Amino acid sequence: MHIPRPFEPDESSVRDLLANMGAADLVTMTPRGLAATPLPFQHDPGSGERGALLGHMARSNGHWREPAQGEALVIVRGPEAYVTPSWYPTKAEHHRVVPTWNYVTAHVYGRLVVHDDPAWVERQIRGLTDRHEADSATPWSVDQAPAQFVERQLRAVVGVEVVISRVEAKFKLSQNQPPENIDGVIEGLRARGRPDDAAVAALVRAHRDA
């Protein structure tokens, strides 16, 4: 991934992105070519030297049966937003401005391990569920479902683990703009109010103040 110096995040920012990741794209090279599957992952920083991404997929999905050639890639995405040059005060001065896109992403590389093991899958699903239910006023747990039903569901999926070898991350948040333009982007995003705008505005401000 091309990462200009202004958009290089620090390790803390990358850890936060992985800790709060949702669905991401698992991509592997197989004997038949590239295969990709979007999956909800959770980051396990204590697994191995660099951590691991843990997930599961339907047993009926042939992706897990295909031997992975070389490293697997997981594409993690954070919030993103279109940035109009109309938000730049410098536009009124010289008009040498263009639209752009602010976004946060990480490319996580590693060795793909398949866990065709109901006990492993159950631990992974419980951990993933507990994490996403934590903010609910009435959190759901696996134990609320009938045991036999859970057993059938577990047999219908397999676990996947990407043992991380390296991470390339990019936080493109207007860091290459002068301060007045950065402030204009923050104000513009807050006023527009599209789904990711508030989150991107907060990240732009955090990286401006860092």
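Here the structure is shown first, and the text comes after it.
Residues numbered from 1 in each chain as written. Predicted model: local features only at pLDDT ≥ 70, side-chain atom pairs only at ≥ 80, totals over all residues. Heavy atoms only, no water.

### Details of the overall build of the protein
Consideration 1: Along its length, the protein carries six helices and seven strands.
Consideration 2: Helices and strands in the protein line up, N terminus first, as α-β-β-β-β-β-α-β-α-α-β-α-α.
Consideration 3: Each principal axis of the C-alpha distribution contributes one length, and for the protein these read about 65 × 45 × 30 Å.
Consideration 4: As presented, the protein carries roughly 11700 Å² of accessible surface, and 51% of it is formed by carbon and sulfur atoms.
Consideration 5: Taking the average location of the 23 positive side-chain charges in the protein and that of its 27 negative ones, the two points are 4 Å from each other. (Helix = DSSP H or I, 4+ residues; strand = E, 2+ residues; numbered from the N terminus. Areas by Shrake-Rupley, 256 points an atom, 1.4 Å probe, with all protein chains shown as cover. Lys, Arg positive; Asp, Glu negative; His and termini not counted. Charge placed at Lys NZ, Arg CZ, Asp CG, Glu CD.)

### Things to note about helix H1 (residues 11–19)
Consideration 1: Taken together, the buried positions of H1 are Ser13, Val14, Leu17 and Leu18. The arc enclosing the buried residues of H1, seen along the axis, measures out at 135 degrees, which places them on a common side.
Consideration 2: Buried positions along H1 lie against strand E3 (42–44), strand E5 (72–83), strand E6 (100–115), strand E7 (157–172) and helix H6 (197–209). (Buried < 20%, exposed > 50% of the residue type's maximum accessible area, 1.4 Å probe, protein only. Arc of directions from axis to C-beta. Contact = heavy atoms within 4.5 Å.)

### Some words on unusual backbone geometry
Consideration 1: Despite not being glycine, His95 shows a phi value in the positive range, around 60 degrees.
Consideration 2: Position of His95 among the secondary structure elements: in the loop between helix H2 (91–94) and E6.
Consideration 3: For His95, a relative accessible area of 54% puts it in the exposed group.
Consideration 4: A positive phi angle, near 65 degrees, is found at Ser174, a position not held by glycine.
Consideration 5: Summarising the element assignment, Ser174 is placed in the loop between E7 and helix H5 (179–192).

### Considering the side chain of Glu66
Consideration 1: Mapped onto the secondary structure, Glu66 falls in the loop between strand E4 (52–58) and E5.
Consideration 2: Overall, Glu66 belongs to the buried group, its relative accessible area being 16%.
Consideration 3: Of the polar contacts made by the side chain of Glu66, one reaches the side chain of Arg32; its length is 2.6 Å.
Consideration 4: Discounting chain neighbours no more than four positions away, the residues touching Glu66 are Thr30, Pro31 and Arg32. (Polar contact = N/O pair within 3.5 Å; in protein donor to acceptor, adjacent residues only side chain to side chain.)

### Here's the deal with the pairing of E6
Consideration 1: As judged from the 10 bridges shared by E5 and E6, these two strands associate in the antiparallel manner. If you follow Val76 over to E6, its bridge partner there is Ala106. (Pairing = 2+ DSSP bridges.)

### Remarks on the side chain of His115
Consideration 1: As for its position among the elements, His115 is in strand E6.
Consideration 2: Residue His115 is classed as buried on the basis of its relative accessible area, which comes to 17%.
Consideration 3: Setting aside residues no more than four positions away along its own chain, His115 makes contact with Trp120, Val121, Val158, Gly159 and Glu161.

### Re the environment of Val113
Consideration 1: One can find Val113 in strand E6.
Consideration 2: Beyond its immediate stretch of four places on either side in the chain, Val113 contacts Gly159, Val160, Glu161 and Val163.

### Things to note about H5
Consideration 1: With 14 residues, H5 ought to run about 20 Å at 1.5 Å a step, and its terminal C-alpha atoms sit 20 Å apart, in line with that.
Consideration 2: Among the residues of H5, those classed as buried are Asn181, Ile182, Gly184, Val185, Ile186, Gly188 and Leu189.
Consideration 3: Residues of H5 that are buried sit in contact with E5, E6 and H6.
Consideration 4: Just beyond H5, the residue with positive phi is Gly193, at close to 75 degrees. (Expected span 1.5 Å × (residues − 1).)

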